[in-house]
Amino acid sequence: MSKLLELDQVTKTFQIGGLLDRATLQAVKGVSFDIDDAKAEIFTIVGESGSGKTTIAKMILGNEVPTTGTIRFEGRDVTTVRKRRDRLDFMKRVQPIFQNPFEAFNPLTPIDLFLFTTAKQFCGAKTRAEQESQADKALQHVGLSLAEIKGRYSHELSGGQLQRIAVARALIPEPKLIVADEPVSMVDASLRMSIVNLFQHLRDDLGVSIIYITHDLATAYYISDRVIIMHRGDVVEAGNAQEVLDNPKHEYSTALKNAVLPPDPERASAALRHRRAERQAERA
Ligand SMILES: Nc1ncnc2c1ncn2[C@@H]1O[C@H](COP(=O)(O)OP(=O)(O)OP(=O)(O)O)[C@@H](O)[C@H]1O
């Protein structure tokens, strides 16, 4: 089966510090996974802060270059996508959704203009009527309509509404892959499920695969097909999401699960002991 996305032993090392205390930080250490072209899926990357999730997202989007290893999208090494034309084609196929919907939209610009610009830039929609039609179609997929948001500014909308609009904007180019980096962490908890439910609709009805990056094990459990759990740049566990999250094998995955959903006092205290030992090791 041909692959939509393939990560092959991808690493990323950053140079940190100043002139006198220069050091390297291995943010991603040999990560491999792939997503089939034929079957859309929700592939989730879970891990605590600093585990390398965003760095992977940036490398998939071509915004960071792997130090070693290869990332291929539809068979092509993403680092070779450089010409403007190729880059536009790539961005049409791979769309990002970011954490903070308030930052994603300039507060001084009416929100519909972002959608019209995307329709123009990626889909060649020249007239305002074409742009409106494409924007409205995308908004319908997220349970909104152009009439509802026309002429409104980001401060007039809720975080949940804005994140839906961000999803709609990402849908306009009809991508094959969406890379969503913590898309619900800034959204009110009561609205999170409505956003992640959208991802299921995109997968099932539009054939869009999603890389869903999150700290939130509850939504990860609910919507993911497969999951990888990252810890300090390594994948410590990978597989079917419900199997991994029901029965984590690695002690870090267990600790992560217990920290989020304390299951019983004994397991929770084992998680705390594990974290304490880690902190002690860090200080040593
Ligand atoms: N441009 C950079 N230069 C130096 N270090 C970086 C850079 N980008 C990320 N890092 C470091 O790489 C590590 C992984 O960061 P990354 O943002 O990928 O983690 P994350 O799992 O997405 O965390 P969070 O959930 O907090 O966003 C962190 O230690 C971070 O400080």
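Conventions and cut-offs
Residues numbered from 1 in each chain as written. Predicted model: local features only at pLDDT ≥ 70, side-chain atom pairs only at ≥ 80, totals over all residues. Core = buried A, V, L, I, M, F, W, Y, C linked by C-beta atoms within 7 Å. Buried ≥ 20, exposed ≤ 12 C-beta atoms within 10 Å, placed from the backbone. Helix = DSSP H or I, 4+ residues; strand = E, 2+ residues; numbered from the N terminus. Contact = placed C-beta atoms within 7 Å. Expected span 1.5 Å × (residues − 1). Arc of directions from axis to C-beta. Domains from an automatic or database assignment. Nonpolar A, V, L, I, M, F, W, Y, C, P; charged D, E, K, R; others polar.

Novice: Which parts of the structure should I look at to understand the nonpolar core?
Specialist: I60, I178, V179, I210 and I211 are the most contacted members of the largest nonpolar core, which has 74 residues in total. Top contributing element to this core by residue count: helix α7 (residues 159-171), with seven residues. Among all residues touching I210, those that are not within four sequence positions of it are I42, I178, A180, F199, L202 and R203.

Novice: Just checking my understanding: could you explain helix α5 (residues 128-141) for this structure?
Specialist: Since the α-helix packs 3.6 residues into each turn, any two residues three or four apart lie on the same face. For α5, spanning 14 residues, the distance from its first C-alpha to its last is 20 Å, which sits close to the expected 20 Å at 1.5 Å a residue. All of the buried residues in α5 are Q131, Q134, A135, A138 and L139. Each buried residue of α5 lies within a common arc of 135 degrees when the element is viewed along its axis, so the set occupies one face. Taken from the residues just after α5, G143 is the one with a positive phi, measuring 80 degrees.

Novice: I keep staring at the domain arrangement of the protein and nothing clicks. Help me out?
Specialist: Accessible area lost upon the coming together of the parts serves often as the stated size of an interface. Taken domain by domain, the protein holds domain 1 (3-247) and domain 2 (248-284). On a C-alpha basis, the centroid separation for the pair domain 1 and domain 2 is 29 Å. Taken together, the contact between domain 1 and domain 2 spans nine residues of the former and nine residues of the latter. Across the side of domain 1 that touches domain 2, the residue classes break down as five nonpolar, two polar and two charged.

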